[in-house]
Amino acid sequence: MLPGKFISFEGVDGAGKSTHVEAVAQYLRDRGLNVVTTREPGGTPLGEKLRELLLHESMHLETEALLMFAARREHIAKIILPAIHRGDWVISDRFTDASFAYQGGGRRLALDKLQSLEQWVHADLQPDLTLLFDVPLEVARERLSAGRALDKFEQEKDDFFERVREVYLMRVRSFPSRIKIIDGTRPVAEVSAQVEHDVTALLGGQ
Ligand code: TYD
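Residues numbered from 1 in each chain as written. Predicted model: local features only at pLDDT ≥ 70, side-chain atom pairs only at ≥ 80, totals over all residues. Heavy atoms only, no water.

## Side note on the overall build of the protein chain
Right, on to step 1. When its secondary structure is counted, the protein chain shows 8 helices and 5 strands.
Right, on to step 2. Secondary structure elements in the protein chain, listed N-terminal to C-terminal, are β-α-β-α-α-β-α-α-β-α-α-β-α.
Right, on to step 3. At 16 Å, the protein chain has a C-alpha radius of gyration in line with the 17 Å of a compact globule built from 206 residues.
Right, on to step 4. On the principal axes, the C-alpha backbone points of the protein chain span a range of 45 × 40 × 30 Å.
Right, on to step 5. Counting the 206 residues in the protein chain, one finds 50% classified as buried.
Right, on to step 6. Residue pairs at least 24 apart in sequence account for 78% of intrachain contacts in the protein chain once pairs closer than 6 positions are excluded.
Right, on to step 7. With an accessible surface of roughly 9900 Å², the protein chain has 54% of that area assigned to carbon and sulfur atoms.
Right, on to step 8. When the 27 basic and 32 acidic side-chain charges of the protein chain are each reduced to a single mean position, those positions are 2 Å apart. (Helix = DSSP H or I, 4+ residues; strand = E, 2+ residues; numbered from the N terminus. Rg over C-alpha atoms; globule rule 2.2 N^0.38 Å. Buried < 20%, exposed > 50% of the residue type's maximum accessible area, 1.4 Å probe, protein only. Contact = heavy atoms within 4.5 Å. Areas by Shrake-Rupley, 256 points an atom, 1.4 Å probe, with all protein chains shown as cover. Lys, Arg positive; Asp, Glu negative; His and termini not counted. Charge placed at Lys NZ, Arg CZ, Asp CG, Glu CD.)

As structure tokens, then:
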């Protein structure tokens, strides 16, 4: 058992997860914990360069999957594992469930290829807890169109996001003790309370 904890936040674009990353980090810091917040793709200088390419350049779907895992390899080596070994808590805005949902679901890349990459890159590491922010497609769409310019993924059509959401929900059924659903349609204060409740359950294991 490693001394720290690893939490990932997931959901379709527009589900509202990013709002809660900093809030829950503060909640944990108030309890005396060291918290590292980070994101994927990205989280390291090289990973952020790869993010730029991934979010703005069109590429073959396998190139996209490989670059996601290349960025992840760097992220695990430089940020995630050192932090967990120090006893810190890591909160990552997305991790490998996003590759299954977006590259596997959205782009229809064969799941066994993603499983091979997962085995290669982090056979022995999984988040202790994953919070899946779930909202119906119409809600996600509305939130996205209210914001800034859309990146490559956000410009995808509705059926892409239906497949992304479907794979996320499939993974909840496959990993029910790790992945918890957060109903992202509820008011922000209620969502925060749910997030804090789920994260607090991990504190017991400290
Ligand atoms: P996102 O985390 O939503 O950031 P922002 O809130 O700044 O838009 O954007 C990252 C995008 O990358 C998102 O559309 C999902 C996609 N993605 C994948 O397709 N596969 C992955 O493995 C990861 C980590 C992200």
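## What about the packing of aromatic side chains?
Right, on to step 1. Taken as a whole, this structure holds 6 aromatic pairs when the rule is applied.
Right, on to step 2. Centroid distance Phe160 to Phe161: 5.3 Å. Interplanar angle 80 degrees. Geometry classified as edge-to-face. Summarising the burial analysis for this pair, Phe160 and Phe161 share the class buried.
Right, on to step 3. A connected cluster of aromatic rings, assembled from ring pairs, spans Tyr102, Phe153, Phe160, Phe161 and Tyr168.
Right, on to step 4. Taking the ring centre of Phe175 as reference, the NZ or CZ of Arg178 above it sits at 5.1 Å. (Phe/Tyr/Trp six-rings, centres within 6.5 Å; stacked < 30°, edge-to-face > 60°. Lys NZ or Arg CZ within 6 Å of the ring centre and 35° of its normal.)

## Section: the site of the ligand
Right, on to step 1. Around the ligand, the surrounding shell holds 18 residues, and the nearest of these are Asp13, Arg94, Ser99, Tyr102 and Gln103.
Right, on to step 2. A distance of 3.4 Å is found between an oxygen atom of the ligand and a side-chain nitrogen or oxygen belonging to Lys17.
Right, on to step 3. Within the contact set of the ligand, an oxygen atom lies 3.1 Å away from a side-chain nitrogen or oxygen of Arg72.
Right, on to step 4. Looking at the shell around the ligand, the elements that each hand over two or more residues are helix H1 (17–29), helix H2 (45–56), helix H3 (61–86) and helix H4 (96–106).
Right, on to step 5. The greatest single-element share of the shell around the ligand, amounting to 4 residues, is contributed by H4.
Right, on to step 6. Of the residues belonging to the shell around the ligand, the class tally is 6 nonpolar, 3 polar and 9 charged. (Near = heavy atom within 4 Å. Polar contact = N/O pair within 3.5 Å; in protein donor to acceptor, adjacent residues only side chain to side chain. Nonpolar A, V, L, I, M, F, W, Y, C, P; charged D, E, K, R; others polar.)

## Regarding the sheet that holds strand E3 (residues 89–93)
Right, on to step 1. Spatially, the 5 strands line up as an open sheet ordered E2-E3-E1-E4-E5, and their pairing is parallel. For this open sheet the edge positions go to strand E2 (35–39) and strand E5 (179–183), each flanked by a neighbour on one side alone. The sheet shows a mean angle of 20 degrees between the axes of neighbouring strands, direction not considered.
Right, on to step 2. In the sheet, strand E1 (residues 5–11) pairs with strand E4 (residues 129–134) via 5 bridges, with the strands oriented parallel. In the sheet register, Ile7 faces E4, and the bridge partner there is Leu129.
Right, on to step 3. Relative to E1, H4 is tilted by about 20 degrees, and along the sheet it contacts E1, E4 and E5. (Pairing = 2+ DSSP bridges. Axes fitted to C-alpha atoms, helices over the stretch in contact; angles between N-to-C directions.)

## Observations concerning a negative patch on the surface
Right, on to step 1. Judged by side-chain charge, Glu138, Glu142, Glu162 and Glu166 come together as a negatively charged surface patch.
Right, on to step 2. Residue assignment for the negative patch shows that the elements contributing at least two residues are helix H6 (137–145) and helix H7 (158–174). (Patch = residues over 30% accessible without salt bridge, like charges linked within 9 Å, V, L, I, M, F, W, Y side chains within 5 Å. Salt bridge = Lys/Arg side-chain N within 4 Å of Asp/Glu carboxyl O.)

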